[in-house]
Amino acid sequence: MNGSRARCIMRIFFHVGQDQHLDQDEVFGQLLALVEDFTPRYQARPQDLSADLDLSGALGYLKRTPYEAGQVLALRALALHGVVTTIAVGNSVMVAAMAAAVTAPGRITVIDPDPAAVDAFLRPQPVALLPGVGPATARTLKRFGIRTVGELADTPPATLARILGATPARELHALAHGVDDRPVQREALIRTTSCSRRFPSDELDPAAHHRALLALADELGLRLRAAQEVCKGLAIVVRYADNSSTTRSKRLPEPTAHTTALTHTALDLYHALGLQRARVKSIALRADGLTAAETAFHQLLLDPGDGKRRRIEVVTDAARRKFGPHVLRPAVLADAPTADRRSARRPAV
């Protein structure tokens, strides 16, 4: 990378194995310790086992190029933890993330910070890779013949405003020209727990998506109640056939571990994505803002069915503790596969 003053942002994905006996939370923490050897300016992204590193001021100290720094990180992750990485480097969080999305596991991609090099990388990329562009926005742009970042950059802002609205048009037009000033900030991670469902093949059927969400909400609710915890929010992460993903989150009306409430929120988030016939590789649900159940309140409802469902939950939880988590399941999930054991409880870092 040329230019000592250029920002140097690295996006690294850790491909942690699916072994059911593996404590992925512990492994991720150990991998972040490797990151700290390179820079204290990093932002962990536990939802997809990745991290953003700001190496702008660290490369001179390390006496390494961005590619060499990536090589060392990849080698240490593989040698010490048996974890394969995907690494990409760019002059912004967006460029690094987009480069990582098109980089194969075990590979390293470095985008030179020169504006011409950044532009050459961005222009052929699909607009769906830009931050903030979900399937619905991508379909809208496609109807107007805008499929790539280059076509988006060449579209007059006034035209984009008529298609998307003033604010989204302004933001996306700037991103299409490589303007992304988001900093890498180390933050205390809010405790979360998540689980995911990976389909055997890219799944087009919305009914299969719904069944996966029901299973995930059921597992999250059971896990939270067993730990005597509630969550304050819920997030859905949908990964598509091209390895791009969309994340949407929603704050719950009240902290809860009630499966019915989690299911309703999960389905609301899913329907808001407007996926229709999207080719989905996997779906994950993440419960955010975990806190002790004894500190939460529950708004009593006039609906007698709500109380009945909660009493049934108590009985089924007791049966599951005694005979196993899958001894009782909703009828619609009777023959459904269980969620992937990618779940992990993320403490504050």
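All of these numbers come straight from a predicted model, not from anything done at the bench.

Procedures and definitions
- Residues numbered from 1 in each chain as written.
- Predicted model: local features only at pLDDT ≥ 70, side-chain atom pairs only at ≥ 80, totals over all residues.
- Heavy atoms only, no water.
- Helix = DSSP H or I, 4+ residues; strand = E, 2+ residues; numbered from the N terminus.
- Buried < 20%, exposed > 50% of the residue type's maximum accessible area, 1.4 Å probe, protein only.
- Areas by Shrake-Rupley, 256 points an atom, 1.4 Å probe, with all protein chains shown as cover.
- Pairing = 2+ DSSP bridges.
- Axes fitted to C-alpha atoms, helices over the stretch in contact; angles between N-to-C directions.
- Contact = heavy atoms within 4.5 Å.
- pLDDT = per-residue confidence, 0-100.
- Core = buried A, V, L, I, M, F, W, Y, C linked by side-chain atoms within 4.5 Å.
- Salt bridge = Lys/Arg side-chain N within 4 Å of Asp/Glu carboxyl O.
- Right-handed = clockwise from strand over helix to strand, strands pointing away.
- Arc of directions from axis to C-beta.
- Polar contact = N/O pair within 3.5 Å; in protein donor to acceptor, adjacent residues only side chain to side chain.

With that settled, the discussion passes to the overall build of the chain. The helix and strand inventory of the chain stands at 12 helices and 11 strands. Buried residues in the chain amount to 47% of all 349 residues. Here the chain displays about 17,600 Å² of accessible surface, and carbon together with sulfur accounts for 54% of that area.

To continue, consider the sheet that holds strand β4 (residues 84-90). The strand order across the open sheet formed by 5 strands is β2-β3-β1-β4-β5, and the pairing between neighbours is mixed. Of all strands in the sheet, those with a lone pairing partner are β2 (42-45) and β5 (108-110), marking the two edges. Pairwise comparison of adjacent strand axes, ignoring direction, gives a mean angle of 10° for this sheet. Here β4 pairs with β5 via 3 bridges, running parallel. Bridge pairing in β5 links Ile87 to Ile108. Contacts between helix α3 (residues 66-81) and the sheet are confined to β1 (9-15), β3 (50-54), β4 and β5, with β4 contributing the most and set at about 165° to the helix.

Time to look at the confidence of the model for the chain. For the chain, mean pLDDT is 84; residues scoring 70 or higher make up 80% of the total. The low-confidence segment residues 298-302, where pLDDT is below 50, has 5 contacts with residues more than four positions distant or belonging to other chains. In this model residues 340-349 is a low-confidence stretch, pLDDT under 50, and it forms 47 contacts with partners more than four residues away in sequence or in other chains.

With that out of the way, let us pick up the nonpolar core. Formed by 30 residues in total, the largest nonpolar core has its most connected members in Met10, Phe14, Leu31, Leu53, Leu55 and Leu73. Of all the secondary structure elements, the ones that give two or more residues to this core are β1, α1 (24-36), β2, β3, α2 (59-62), α3 and β4. The dominant element in this core, judged by the number of residues it contributes, is α1, at 6 residues. Each residue touching Leu73, except ones within four places of it in the same chain, is listed here: Met10, Ile12, Leu34, Val35, Phe38, Leu53 and Ile87. Judged by nonpolar contacts, the second largest core, of 29 residues, contains Cys231, Leu252, Leu269 and Ile283.

What follows deals with the side chain of Arg11. With respect to the secondary-structure elements, Arg11 resides in strand β1. Classification of Arg11 as buried rests on a relative accessible area of 6%. What Arg11 contacts, discounting residues up to four positions off in sequence, is Arg45, Ser50, Ala51, Asp52, Thr86, Ile87, Ala88, Val93, Ala96, Ala97 and Ala100.

All chains considered together, the criterion is met by 10 salt bridges. A salt bridge links Asp37 to Arg76, with the nearest nitrogen and oxygen atoms 3.9 Å apart. With Asp37 in the loop between α1 and β2 and Arg76 in helix α3, this pair connects stretches of sequence that are 39 residues apart. You can call Asp37 partly exposed: its relative accessible area is 49%. For Arg76, a relative accessible area of 34% translates into the label partly exposed. Its salt-bridge partner being Arg279, residue Asp202 comes within 3.3 Å of it at the nearest N-O pair.

The next point concerns the pairing of β4. A large share of β4 lies buried, amounting to 6 of its 7 residues. The parallel pair β4 and β5 is bridged by helix α4 (residues 93-101), and the resulting crossover is left-handed.

What follows concerns unusual backbone geometry. Residue Leu49 is not a glycine yet carries a positive backbone phi of 55°. Here Leu49 lies in the loop between β2 and β3. The phi torsion at Asn243 lies on the positive side, around 75°, for a residue other than glycine. Positionally, Asn243 belongs in the loop between β7 (229-240) and β8 (245-256). Taking relative accessible area as the criterion, Asn243 reaches 38% and is therefore assigned partly exposed.

Pairing between β2 and β3: 4 bridges, direction antiparallel. The residue of β3 that forms the bridge with Gln43 is Asp52. With antiparallel pairing between neighbouring strands as the criterion, β2 and β3 make up a hairpin whose turn holds 4 residues, including Leu49 at a positive phi of roughly 55°.

What follows deals with helix α5 (residues 115-122). Restricting attention to buried positions, one finds in α5 the residues Val118, Phe121 and Leu122. Each buried residue of α5 sits inside an arc of 95° when the element is viewed along its axis, so together they form one side. Opposite the buried face of α5, by more than 90 degrees, sit the exposed residues Ala116 and Ala120. Contacts made by the buried residues of α5 are with α4, α7 (149-154) and α9 (166-176). Structurally, the start of α5 carries an N-cap: the backbone nitrogen of Ala116 is 3.1 Å from a side-chain oxygen of Asp114.

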